[in-house]
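The residues making up each chain are set out below.
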Protein chains: 2
Amino acid sequence: MRDVHLGIIGLGNVGTGSLTILTENASQIAQKLGFRLVVSAVCSRTATSKTLPAGLDGALVTEDWRDVIAHPDVEIVAELIGGTTVAREVVEAAIAAGKSVVTANKELIALDGVALWRQAAAQGVLLAMEASVCGGIPVHGVLREGIAADRLEALYGILNGTSNYILSEIEQNNSEFNAVLAEAQRLGYAEADPTADIDGFDARSKLALLASLAFGVQLTPADIPTSGIRPITPVDFRYAAQVGCTIRLVCSAESTPEGLFAAVRPALIPKDAILASVRGAYNAVWARGAYGADTFYYGKGAGPNPTGVAVVSDLMRLARDLRSGAAGRVSPFGFTEPAPTRPRPIGEQQRAWYLRFRVHDRPGIIAALSAILAEHEISIDAVLQLPKEDWRNLPFVITVETTSGDRVARALEQMSGLDFMVEPPLALPLEPGL
Amino acid sequence: MRDVHLGIIGLGNVGTGSLTILTENASQIAQKLGFRLVVSAVCSRTATSKTLPAGLDGALVTEDWRDVIAHPDVEIVAELIGGTTVAREVVEAAIAAGKSVVTANKELIALDGVALWRQAAAQGVLLAMEASVCGGIPVHGVLREGIAADRLEALYGILNGTSNYILSEIEQNNSEFNAVLAEAQRLGYAEADPTADIDGFDARSKLALLASLAFGVQLTPADIPTSGIRPITPVDFRYAAQVGCTIRLVCSAESTPEGLFAAVRPALIPKDAILASVRGAYNAVWARGAYGADTFYYGKGAGPNPTGVAVVSDLMRLARDLRSGAAGRVSPFGFTEPAPTRPRPIGEQQRAWYLRFRVHDRPGIIAALSAILAEHEISIDAVLQLPKEDWRNLPFVITVETTSGDRVARALEQMSGLDFMVEPPLALPLEPGL
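Computed from a predicted model, the values in this text were never measured in an experiment.

Conventions used here
- Residues numbered from 1 in each chain as written.
- Chains lettered and ligands numbered in written order.
- Predicted model: local features only at pLDDT ≥ 70, side-chain atom pairs only at ≥ 80, totals over all residues.
- Helix = DSSP H or I, 4+ residues; strand = E, 2+ residues; numbered from the N terminus.
- Rg over C-alpha atoms; globule rule 2.2 N^0.38 Å.
- Buried ≥ 20, exposed ≤ 12 C-beta atoms within 10 Å, placed from the backbone.
- Contact = placed C-beta atoms within 7 Å.
- Axes fitted to C-alpha atoms, helices over the stretch in contact; angles between N-to-C directions.
- Parallel < 35°, antiparallel > 145°, perpendicular 65-115°, else oblique.
- Left-handed = near helix turned anticlockwise from the far one by under 90°.
- Nonpolar A, V, L, I, M, F, W, Y, C, P; charged D, E, K, R; others polar.
- Least-squares fit on C-alpha atoms with pLDDT ≥ 70 in both.
- Pairing = 2+ DSSP bridges.
- Domains from an automatic or database assignment.
- Core = buried A, V, L, I, M, F, W, Y, C linked by C-beta atoms within 7 Å.

**A look at the overall build of chain A**
At step 1: For chain A, the helix and strand inventory stands at 14 helices and 17 strands.
At step 2: The C-alpha atoms of chain A give a radius of gyration of 24 Å, which matches the 22 Å a tight globule of 434 residues would have.
At step 3: In terms of overall dimensions, chain A has C-alpha extents of about 80 × 45 × 35 Å along its principal axes.
At step 4: When burial is assessed residue by residue, chain A has 55% of its 434 residues classed as buried.
At step 5: The contacts in chain A between residues at least 6 apart in sequence include a share of 75% that link residues at least 24 apart.

**Describing the packing of helix H4 (residues 86-96) of chain A against helix H5 (residues 106-123) of chain A**
Residues and elements named next belong to chain A.
At step 1: Contact pair H4 / H5: the axes reach a minimum separation of 9 Å and the direction vectors enclose 15°. In terms of orientation, H4 lies roughly parallel with respect to H5. In this structure, H4 meets H5 at a crossing whose hand is right-handed. Along its contact with H4, which presents Ala87, Arg88, Val91, Glu92, Ile95 and Ala96, the element H5 presents Leu108, Asp112, Leu116, Gln119, Ala120 and Gln123.
At step 2: Looking at the contact of H4 with H5 residue by residue, the classes come out as 7 nonpolar, 2 polar and 3 charged.

**Overview of the environment of Thr85 of chain B**
At step 1: With respect to the helices and strands, the residue Thr85 of chain B is situated in the loop between strand S4 (76-79) and helix H4 (86-96).
At step 2: The spacing of Thr85 of chain B and Leu108 of chain B is 23 residues in sequence and 8.6 Å in space, taken between C-alpha atoms.

**Re the relation of the copies chain B and chain A**
At step 1: At an RMSD of 0.0 Å, chain B and chain A line up after a rotation of 180° and a shift of 0.0 Å along the axis. The transformation relating the two chain copies, once decomposed into turn and shift, fits a two-fold axis.

**A short note on the sheet that holds strand S1 (residues 4-9) of chain A**
Residue and element names in this part refer to chain A.
At step 1: Reading across the sheet, the 6 strands line up as S3-S2-S1-S4-S5-S6 and stay open at both edges, with parallel pairing between neighbours. The open sheet has two edge strands with one neighbour each: strand S3 (60-62) and strand S6 (127-128).
At step 2: As paired elements, S1 and strand S2 (residues 37-43) share 6 bridges and run parallel to each other. Within S2, the residue paired with Ile9 across the bridge is Cys43.
At step 3: Packed on one face of the sheet, helix H12 (residues 304-323) meets S1, S2, strand S4 (76-79), strand S5 (100-103) and S6 and runs near 160° to S5.

**What about the interface of chain B and chain A?**
At step 1: Listed as interface residues are 54 residues of chain B and, on the opposing side, 54 residues of chain A.
At step 2: Counting only elements with at least two residues in the side of chain B that touches chain A, the list comes to helix H2 (26-33), helix H6 (139-146), strand S12 (293-300) and helix H12 (304-323) of chain B.
At step 3: In terms of residues, the side of chain B that touches chain A owes the most to one element, H12 of chain B, which gives 10 residues.
At step 4: Class assignment of the residues belonging to the side of chain B that touches chain A gives a composition of 22 nonpolar, 21 polar and 11 charged.
At step 5: Pairing analysis gives 5 bridges linking strand S12 (residues 293-300) of chain A to S12 of chain B, with the strands arranged antiparallel. Looking across to S12 of chain B, one finds that Thr295 of chain A is bridged to Gly299 of chain B.

**Here's the deal with the environment of Ala26 of chain A**
Residues and elements named next belong to chain A.
At step 1: Counting through the fold element by element, Ala26 comes out in helix H2 (residues 26-33).
At step 2: Overall, Ala26 belongs to the partly exposed group, with 15 C-beta atoms counted inside 10 Å.
At step 3: Beyond its immediate chain neighbours, meaning those up to four positions away, Ala26 contacts Arg36 and Gly55.

**Quick look at the domain arrangement of chain A**
At step 1: Annotation of chain A at the domain level lists domain 1 (4-136 + 304-340), domain 2 (149-300) and domain 3 (346-430).
At step 2: A C-alpha centroid distance of 51 Å is found between domain 1 of chain A and domain 3 of chain A.

**What about the nonpolar core?**
At step 1: In this structure, Leu207, Ala211 and Leu315 of chain A together with Leu207, Ala211 and Leu315 of chain B are the most contacted members of the largest nonpolar core, which totals 290 residues.
At step 2: With near-sequence residues (within four places) excluded, Ala211 of chain B lies in contact with Leu155, Val217, Leu219, Ala253 and Ala262 of chain B.

**Here we look at the sheet that holds S4 of chain B**
Residue and element names in this part refer to chain B.
At step 1: Reading across the sheet, the 6 strands line up as S3-S2-S1-S4-S5-S6 and stay open at both edges, with parallel pairing between neighbours. The two strands at the open ends of the sheet, each matched to only one other strand, are strand S3 (60-62) and strand S6 (127-128).
At step 2: Relative to strand S5 (residues 100-103), S4 runs parallel, the two being bridged by 4 bridges. Within S5, the residue paired with Val77 across the bridge is Val101.

Right under this line is the structure:
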């Protein structure tokens, strides 16, 4: 069969990983496809034909991405520059020029993926985006085709490797958040500005995308309630262990008769749940279907080569589609018409809760707090008190039975005015059924 | 787009699960495809049009599978009867009649899948087989397309739910193998004749299939060295725990410069490896690629509905291929030319080993055994001895450093003639790198 020619735009980490695989692994790729993938054009601000890997001798090397799209041989363009301004121009120009597109761009797809796909469909070209979420785990393909017959009820993810690395370190070494973050930055696991990772915004874009594949919804990331891991302290892991749990930054999407609940937030999960075995800079997705029950997918969340595998596997898939004449074989979202959806207010969701207080110890604290909980019709499950350390800043925990987040928020609001409270209470949901 | 009409042959567990999903979940399936899947013919020895689920009123119900294949509307036939005689007739007849085929038949595909796929390709029809291995985990699609760009180096699987259930029970409850097996049979987790499950033959067929997708090889199941879980006793879990490990029936395939090693056997795996978190009747696959590093996939191994998800997801995939005009878009094995391959003799593979002895205790036993190990140039790592129970049948363990299985086998052969040996020694490899 005729070779398929590719254009690569962007030679950062992901572009470099993708080119490495396309050249080093070219012969096995051809054995799988029955034809070759040939890189015909590369756009980079820094590379020259001399700095590219061997096997790319004939490729056009340019600083202008328009040259890649205009290259007459190029049938599929890989957009690997990131961001949402130039990247959008690149994707739209490629589609307009009748080229299929593979992108690793989470933000762009989370914001405008459905619109871009409609442009592609109108032009009879293909759009693929496996690398945009959980680079190392082929979870798009799983949701889009692998378990397409199932009707998903819930999806849980650990979608940010930096946060998971930090939480794992706090848990294992009993270290404080700020110390672990500084060490992660020194090791290159966290960015100089860590906000997107540790405050949950990166995970939020990924959850929006996975929810579209899982439930056929089109979510705006900003509509997903999001909180990060800054308030988590070593003592929280010790208290969580007392109830058989650990703590992870959990991305959740749950389809209920009332609608879709979605959230990104630190949560307690049972230690013997398979999601709890995700440690360090790994990502994982756990899904529960009405028919297939629970399945679980795990791998590296990022890195040039794992993400490169996702990009090149997408290039192979689109090349197969093109050579077999299957334009528009499947929506990149699995569903033909993802429906714009606002998640239900997360405060309506029912959960058991872990409430951690820091107080200036004196008699009557439990009485005061339990009176407020009773007033809001919240049932106490357990009061947990580790051996005392500092009575002026004493952490202790109350776990409460299943109730709505709204009810808990109102009780905590009332509690935060109490004179013995050193800082506002921390409330973490206990994710059930994992 | 025009509906795709299906014929279902066989209404056992898998057929019933598939029909349930096709009827109950029909509207979401149509939302994903953009057209409907319509069951037009069903072959069953027992069903009548009155006992079928609602929504199948118009379907032909017949006891003769030839009627299903001959039905003029039917474009895809699902072969769900199992076995290798009639099932092969069904698949070959469907292909000859120009119908595409979905099968859940592990034995048939492991024996003759490549030949059947060549017949299908010659006829311009499609063949799909996701349900044949790990029904609940879409691992075929992952290996065939999801991580197709990677070059796999190793694949480990827990592929038999019955064995894993039995081992988990021995571990958790310190029960003897025979008692757990009897209980598993009572609960329906094990068959009256459990040989295929507990002696590793079921897992062996599955490993042969996964290896073809992972490495592009065509293995004959009988060529894969296989041993089962009958010799595993509660004390083995206690000794394994002393070196930070647990025991699972591990299916392994490893691509090395010397060739492909493949085996099904009980093995030690580190307790903190994610594969060790697979408990009960679940299946899992762990793969290591040259680029994507390690990924892991987990779910129910069997059951009408999980396997039904695999069958119906395959039906959806082939229906998409048919409607988009993509005949032969991708080999069901991922590689276009799986190469007939004999695995390397497993005795050449280098591993660290766990050697468990049962002896009639007397002075000089360690001296005798360590002399034999030294003679075979095998280095002892540790000698483990739990508190003694019965000195006439005393279990103890020697772990040895990495060496070939052949060398260990020769040493054990020599040891088994020693007068203090109550039964032949048990050797379990320690699987590295998980």
